[in-house]
Amino acid sequence: MSFRSLGLKEPILRGVLAAGYETPTDIQAHAIPKILAGLELIGLGQTGSGKTAAFGLPMLDRLCGGEPGLRGLIVVPTRELCVQVAENLRVYASQAGLHVCTAFGGVDMSIQESAFKRGCDVVVACPGRLIDHLERRNLSLEKVQMVVLDEADRMLDMGFMPQIRRIFVRLPQERQNLLFSATMPEEVEGLVKDFL
Ligand code: AMP
């Protein structure tokens, strides 16, 4: 099994090379072709399984070659994860001309705002800070085509459900939803029913 055989485009394969990956992990081999085909998906995978590339590579692949602008949204529960996911995606996107921005609390909003203005195809965001940017009209979600809820179980544990609802009402109806979670308790199943 190779990344090429999963159907990824050349610029994204060059990003995989830049990341130094040779063989897809299990979750990547399963998820990438399905996401490329436009399916919605629930991924069960912990940190270490390679889940970031499992959603990040096909997301960038589907956005590659399209009109620039914010088209991919990844919602994560913590700042640390936000930084880590964005770092990985920037490597995957490095040969595809796509720009990845972050939105997380604890840093000046204006720094993030100027990054959005320079151009942003994918934003990796924590719920609270994303809502702040949306309310200030620093960002618009109206062209978003793909959404990932990463570590959905942790997001619910941390009480982010009301914020997630507020974000989702601002998204276009027509979109591809992906949900990744380490565990699948009843609450996450509720989220799946509501959003996928
Ligand atoms: P994640 O589960 O997405 O947090 O990834 C865990 C670690 O594995 C990160 O350091 C990734 O860069 C790395 N990784 C992800 N996919 C692969 C792969 N196919 N081959 C080698 N390393 C990988």
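Here, every reference points to the structure presented above.
Quick caveat, the model's predicted, so the values are computed rather than measured.

1. Notes on helix α6 (residues 127-135)
Right, so step 1: Buried residues of α6: Pro-127, Arg-129, Leu-130, Ile-131, His-133 and Leu-134, and no others.
Right, so step 2: For α6, the elements touching its buried residues are β2 (72-75), β3 (100-103), α5 (109-118), β4 (122-125), α7 (152-157) and α8 (161-168).
Right, so step 3: One or two positions beyond α6, positive phi appears at Arg-137, with a value near 60 degrees.

2. Here's the deal with α8
Right, so step 1: Restricting attention to buried positions, one finds in α8 the residues Ile-164, Ile-167 and Phe-168. Along the axis of α8, the buried positions cluster into a sector of 95 degrees, meaning they face one direction only.
Right, so step 2: Along its buried surface, α8 packs onto β2, α6, β5 (146-149), α7, β6 (176-181) and α9 (186-195).

3. Overview of the site of the ligand
Right, so step 1: Near the ligand there are 14 residues, and of these Tyr-21, Gln-28, Gly-48, Gly-50 and Thr-52 occur at the shortest range.
Right, so step 2: The contact in question runs from a nitrogen atom of the ligand to an N or O atom on the backbone of Thr-23, over 2.8 Å.
Right, so step 3: Here an oxygen atom of the ligand and a backbone polar atom of Lys-51 are 3.3 Å apart.
Right, so step 4: When the free accessible area of the ligand is taken as 500 Å², the share hidden by the protein chains comes to 70%.

4. Structural notes on the environment of Val-16
Right, so step 1: As for its position among the elements, Val-16 is in helix α1 (residues 10-19).
Right, so step 2: On the accessibility criterion, Val-16 (2% relative accessible area) is buried.
Right, so step 3: If sequence neighbours within four positions are ignored, Val-16 has contacts with Phe-3, Tyr-21 and Leu-57.

5. Some remarks on the side chain of Asn-138
Right, so step 1: Among the secondary structure elements, Asn-138 is positioned in the loop between α6 and β5.
Right, so step 2: With near-sequence residues (within four places) excluded, Asn-138 lies in contact with Met-109, Glu-113, Phe-116 and His-133.

6. Description of the pairing of β3
Right, so step 1: On β3, burial covers both faces: Val-100 and Thr-102 on one face and Cys-101 and Ala-103 on the other are all buried.
Right, so step 2: Both β3 and β4 contribute to a ladder of 4 bridges, which runs parallel. Bridged to Ala-103 within β4 is Ala-125.
Right, so step 3: In this region the chain leaves β3, passes through α5 and returns to the parallel neighbour β4; the handedness of that crossover is right-handed.

7. Brief notes about the nonpolar core
Right, so step 1: By size, the foremost hydrophobic cluster in this structure holds 40 residues, and its most contacted members are Leu-57 and Ile-74.
Right, so step 2: Where this core is concerned, the elements lending two or more residues are α1, α2 (26-36), α3 (51-63), α4 (79-93), β4, β5 and β6.
Right, so step 3: In this structure Ile-74 touches Phe-55, Met-59, Val-85, Leu-89, Val-122, Val-123, Val-124, Ala-125 and Val-148, once residues within four positions along its chain are discounted.
Right, so step 4: By size, the runner-up hydrophobic cluster in this structure holds 31 residues, among which are Ala-103, Ala-115, Val-144 and Phe-168.

8. What to know about the environment of Phe-3
Right, so step 1: With respect to the secondary-structure elements, Phe-3 resides in the segment before α1.
Right, so step 2: Separated by 117 residues in sequence, Phe-3 and Cys-120 have C-alpha atoms that sit 26 Å apart.
Right, so step 3: Ignoring anything within four residues of it in the chain, the contact list for Phe-3 reads Leu-8, Leu-13, Val-16, Tyr-21, Glu-22, Thr-23, Pro-24, Gln-28, Ile-32 and Leu-57.

9. Examining the state of the cysteines
Right, so step 1: For the coordinates displayed, the defined rule picks out 0 disulfides.
Right, so step 2: Free cysteine Cys-126: the closest other cysteine sulfur is in Cys-82, separated by 4.5 Å.

10. Comments concerning the sheet that holds β6
Right, so step 1: The 6 strands are arranged β1-β6-β5-β2-β4-β3 in an open sheet whose pairing can be described as parallel. Every interior strand has two partners, whereas the edge strands, β1 (41-44) and β3, have only one. Neighbour-to-neighbour, the strand axes of the sheet open up by a mean angle of 15 degrees, direction not taken into account.
Right, so step 2: As judged from the 4 bridges shared by β2 and β4, these two strands associate in the parallel manner. Bridging from a neighbouring strand, Gly-72 pairs with Val-122 of β4.
Right, so step 3: Contacts from α2 reach β1, β5 and β6 within the one sheet, and its direction differs from that of β1 by about 170 degrees.

Conventions we followed
- Residues numbered from 1 in each chain as written.
- Predicted model: local features only at pLDDT ≥ 70, side-chain atom pairs only at ≥ 80, totals over all residues.
- Heavy atoms only, no water.
- Buried < 20%, exposed > 50% of the residue type's maximum accessible area, 1.4 Å probe, protein only.
- Helix = DSSP H or I, 4+ residues; strand = E, 2+ residues; numbered from the N terminus.
- Contact = heavy atoms within 4.5 Å.
- Arc of directions from axis to C-beta.
- Near = heavy atom within 4 Å.
- Polar contact = N/O pair within 3.5 Å; in protein donor to acceptor, adjacent residues only side chain to side chain.
- Areas by Shrake-Rupley, 256 points an atom, 1.4 Å probe, with all protein chains shown as cover.
- Pairing = 2+ DSSP bridges.
- Right-handed = clockwise from strand over helix to strand, strands pointing away.
- Core = buried A, V, L, I, M, F, W, Y, C linked by side-chain atoms within 4.5 Å.
- Disulfide = S-S within 2.5 Å.
- Axes fitted to C-alpha atoms, helices over the stretch in contact; angles between N-to-C directions.

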